[in-house]
Amino acid sequence: MVGATNNGVPTNLHLNPEATQNYDPRAGNFVFERFAAYNFATGEFEMAALEEWSIDGQTVTLTLRDDLKWDNGEDVTARDVLTQFRLMKKMEASLWDFTESVEQGGDDKTVVLNLKRPSNPEVIKHTLANGSLRLYAYHPKFEQFLDKEAGELQQYKYEGDVVASGPFSVESKSKQSWELARNPEYYGADNINFAGISLLSRADNTALQQGLMGRELDFVTSLFAPPKIVANFPDSVEEVAISAKWGYGVLFNHDDPDFGKRKVRQAVAHVINRQQVAENAGPRTKAPAPKVTGVAPNDQEAWLGDAYDSFESYGMAASQTDKAAALLREAGYSKEDGTWKHSSGRTLGGTYYTPAGWTDWTTATNTVVDQLNSFGFDFEISQKPTGDYFGGYVESNFKMGAFYWMPGGARSAFPYFPLRWQLNIPDIDGGHNFPEGEQTVPGMDGGEMTIDPLSEIQEVSTTQDRGKTEDIIKRVAWHHNQNLPVLGLVSKLDQSWLTDDDWAIPEEGSDERAVKWPSEWLPRQGQLMAKK
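What this report covers is the structure whose coordinates are included nearby. Quantities reported herein were computed from a predicted structural model and do not represent experimental measurements.

A look at the overall build of the protein
What the protein contains, in helices and strands, is 17 helices and 27 strands. For the protein, with 532 residues in total, the buried portion stands at 58%. Looking at the protein alone, contacts between residues at least 24 apart form 70% of all its contacts between residues at least 6 apart. Carbon and sulfur atoms provide 41% of the accessible area of the protein, an area that totals close to 20200 Å². Taken together, the 50 basic and 77 acidic charged side chains of the protein have centroids lying 4 Å from each other.

Focus: a negative patch on the surface
A cluster of acidic residues, Glu 51, Glu 52, Asp 66, Asp 107 and Asp 108, forms a negative patch on the protein surface. Mapped onto the secondary structure, Glu 51 falls in strand 5 (residues 50-56).

Focus on the pattern of salt bridges
Evaluation of the coordinates by the stated rule reveals 24 salt bridges. The partner of Asp 501 in a salt bridge is Arg 215, with the nearest N and O atoms 2.8 Å apart. Here Asp 501 is found in the loop between strand 25 (490-499) and strand 26 (503-504), whereas its partner Arg 215 is found in the loop between helix 6 (205-213) and strand 13 (219-220), with 286 residues between them in sequence. Given the relative accessible area of 19%, Arg 215 is considered buried. Between Asp 360 and Lys 286 there is a salt bridge; the shortest N-O distance is 3.0 Å. A residue pair is termed long-range when its members are at least 10 positions apart, and Asp 360 in helix 12 (residues 359-375) and Lys 286 in strand 16 (residues 286-288) qualify at 74 residues. The same class applies to Asp 360 and to Lys 286, which are both buried. By sharing partners, the salt bridges in this structure join Arg 26, Arg 134 and Glu 520 into a single network.

Concerning the packing of helix 8 (residues 262-271) against helix 11 (residues 321-330)
Running from N to C, helix 8 and helix 11 point in directions that differ by 165°, and their axes come no closer than 8 Å. Between helix 8 and helix 11, the interaxial angle falls into the category roughly antiparallel. In the packing of helix 8 onto helix 11, the handedness of the crossing is left-handed. For the pair helix 8 and helix 11, the contacting residues are Lys 263, Val 264, Gln 266, Ala 267, His 270 and Val 271 in the first and Lys 323, Ala 324, Leu 327, Leu 328 and Glu 330 in the second. For the contact of helix 8 with helix 11, the class distribution of residues is six nonpolar, two polar and three charged.

What about the pairing of strand 10 (residues 168-173)?
Where strand 10 and strand 11 (residues 177-182) come together, five bridges link them in antiparallel fashion. The residue of strand 11 that forms the bridge with Ser 169 is Ala 181. Linkage of strand 10 to strand 11, two consecutive antiparallel strands, is achieved through a turn of three residues.

Each value, and the rule that gives it
- Residues numbered from 1 in each chain as written.
- Predicted model: local features only at pLDDT ≥ 70, side-chain atom pairs only at ≥ 80, totals over all residues.
- Heavy atoms only, no water.
- Helix = DSSP H or I, 4+ residues; strand = E, 2+ residues; numbered from the N terminus.
- Buried < 20%, exposed > 50% of the residue type's maximum accessible area, 1.4 Å probe, protein only.
- Contact = heavy atoms within 4.5 Å.
- Areas by Shrake-Rupley, 256 points an atom, 1.4 Å probe, with all protein chains shown as cover.
- Lys, Arg positive; Asp, Glu negative; His and termini not counted.
- Charge placed at Lys NZ, Arg CZ, Asp CG, Glu CD.
- Patch = residues over 30% accessible without salt bridge, like charges linked within 9 Å, V, L, I, M, F, W, Y side chains within 5 Å.
- Salt bridge = Lys/Arg side-chain N within 4 Å of Asp/Glu carboxyl O.
- Axes fitted to C-alpha atoms, helices over the stretch in contact; angles between N-to-C directions.
- Parallel < 35°, antiparallel > 145°, perpendicular 65-115°, else oblique.
- Left-handed = near helix turned anticlockwise from the far one by under 90°.
- Nonpolar A, V, L, I, M, F, W, Y, C, P; charged D, E, K, R; others polar.
- Pairing = 2+ DSSP bridges.

Listed below in structure tokens is the structure:
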């Protein structure tokens, strides 16, 4: 079966999920098993590496499948999982927001999480079923990092003899492709009736679209394709649309002398017409965020309740240039010859980063920068290969640029996750430099509100009180609305692509297709099989 990765040249990529720079999830998600998965159609969790989970007071018990093995034939045991969880603690993973300690249970297939206090079951389940959480830490390979600093783990490029827990093993990689072979030790190996997967290196969305159009590719895990492109796909190519809880936004470097200022960030928000960004980038799959917060658009009214109308919209469908100009003047800027400058003479603008090859994002970026420059900013666009793009953000080598504004997937349906994520963005190791500690912002009802947003949102993970959860989410969402750690612009439907000429796949609309991602999940279930 032939798919593709557009995360870079495979020889430059690795399979250490804790080292986000140059990690390739397109390959990693086939090689490493997930603990559990969330079905977007049913709203239920489905087990994978776990046989079951149970939550009782301050104890979470995880039971691994008896037949779960590494591809070298060894059993996956509690020791492997404990090693991984302890490494995740070094990386300040959200699992440790509510976990005090981890230990082996009554046998070598049982892991126990001892909680700091009774915790929100939804947070626990979404954390464990997070699509990016994969079982990778074969103990003999990773125990060396247990006594080392997090930075050493982040620098480890896991390649060569990668030990797989998932349905496919790494056979080889080259500049052209990853070659993955069916793992006969996988518990569901009998569900897979083909020899392996080739993930071809493709630079951008256009190349992926052409791969489907010419039937070079049997699947594409995630790909934006506008209607005029879809119309040219063969009849054998099927689209699977799943809510993304993710989308295009603007990232600020909070250490920057200009964009580290709240009023400058607010001015940017007022200038950008989010409706126009959505329409230009893909009206069939994009929608503007009605309010600028860390809460997914479709969930905002439910979570913000009576306070919803109080939240600043920054002009969803308009460029509010008068408000933006007033804010910039208050912040010490003036407009000279059509361009905003600081009183020191510094021009307000710079390089705006965007990922090369993400065609819908290219359109969104062009729209955003056109709007800003028409108002008097002075930005130039720099398209970066994916690795360099993330690397620049990790190293804080930027002023402002395009970035997604929620972590995405099922967990973003529960506001705890995106609100927390915007403050520390682990995907770039916090490279946007949002300051820690207390922040003072205008209050909901006038005056001022002082809040430590990270400390408050973390309380959600350790409460079972719905009313308290809602109050915290409103307060932290209000902080994000006023202080703009990240500027959320649009949300999207994810487009995943399967083919049915050579492959048997579930019928359109079936619940089986609603786990992210179908091309990764369905082979595990025996629901994506070769016809011959």
